[in-house]
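# Observations on the three-dimensional arrangement
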Amino acid sequence: MRREIAKTYQTINPDEILYLADAGEGPYAVEQSILTQDDHVIVPKPNYQSAETIPLAACEVTGVQVRMYAYKGDGWHLDIDDIRAAIRLNTKLVSLNFPHNPTGYLMRVTEALCSM
């Protein structure tokens, strides 16, 4: 399987491929590998339950609210300033899932560029 996946890329070798059974295993494997009890993680809220509980098993987690803004006219938005405000010296991971589960919100290119 890894060999077949690697064939679809020009610069990746099969031993660099990690494939998993579902979308929950990837975040679990990464977070359990890199997080320690001294770390901090930021996740959007509402969220798919494991997005918060997996890192919470290892360290402190701050939820940043994805909000419904009536004045923007098109539903849900994640305020990048809310993310910035939640960052601490020990923040090791900001976990963002887009399209956002469960709201379906998809960050626009202009929003993503503002976050850089």
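The structure this text deals with has already been given above.
Source: prediction; values computed, not measured.

### Section: the nonpolar core
- Core analysis: the biggest nonpolar cluster contains nine residues, these being Ile42, Val64, Val66, Leu78, Ile80, Ile83, Ala86, Tyr105 and Met107.
- With three residues, the single largest contributor to this core is helix H4 (residues 80–86).
- Listed in part, the seven residues of the second largest apolar core include Leu35, Ala58, Val61 and Leu93.

### Considerations on the side chain of threonine 62
- Note that threonine 62 resides in strand S2 (residues 60–69).
- Among residues more than four places away in sequence, those in contact with threonine 62 are His40, Val41, Ile42, Val43, Ala86 and Arg88.

### Points about the environment of aspartate 82
- Checked against the element boundaries, aspartate 82 lands in helix H4.
- Given a relative accessible area of 22%, aspartate 82 falls into the partly exposed group.
- Those residues in contact with aspartate 82 that sit more than four places away from it in its chain are Val64, Gln65 and Arg67.

### Focus: the pattern of salt bridges
- Summed over the entire model, instances satisfying the criterion amount to five salt bridges.
- The salt bridge partner of arginine 88 is glutamate 60, with a shortest N-O separation of 3.1 Å. Of this pair, arginine 88 sits in the loop between H4 and strand S4 (91–94) while glutamate 60 sits in strand S2; the two residues are 28 residues apart in sequence, bridging distant segments of the chain.
- Its relative accessible area of 34% is what places arginine 88 among the partly exposed residues.
- With a closest N to O distance of 2.9 Å, aspartate 81 and arginine 84 form a salt bridge. One end of the pair is aspartate 81 and the other is arginine 84, both in helix H4 and three residues apart, which spans about a single turn.

### Some thoughts on the pairing of strand S1 (residues 40–45)
- With five of six residues buried, S1 is to be regarded as a mostly interior element.
- Pairing of S1 with S4, which is carried by three bridges, proceeds in the parallel orientation. Paired with histidine 40 across the strands is threonine 91, a residue of S4.

Rules of the game
- Residues numbered from 1 in each chain as written.
- Predicted model: local features only at pLDDT ≥ 70, side-chain atom pairs only at ≥ 80, totals over all residues.
- Heavy atoms only, no water.
- Core = buried A, V, L, I, M, F, W, Y, C linked by side-chain atoms within 4.5 Å.
- Buried < 20%, exposed > 50% of the residue type's maximum accessible area, 1.4 Å probe, protein only.
- Helix = DSSP H or I, 4+ residues; strand = E, 2+ residues; numbered from the N terminus.
- Contact = heavy atoms within 4.5 Å.
- Salt bridge = Lys/Arg side-chain N within 4 Å of Asp/Glu carboxyl O.
- Pairing = 2+ DSSP bridges.

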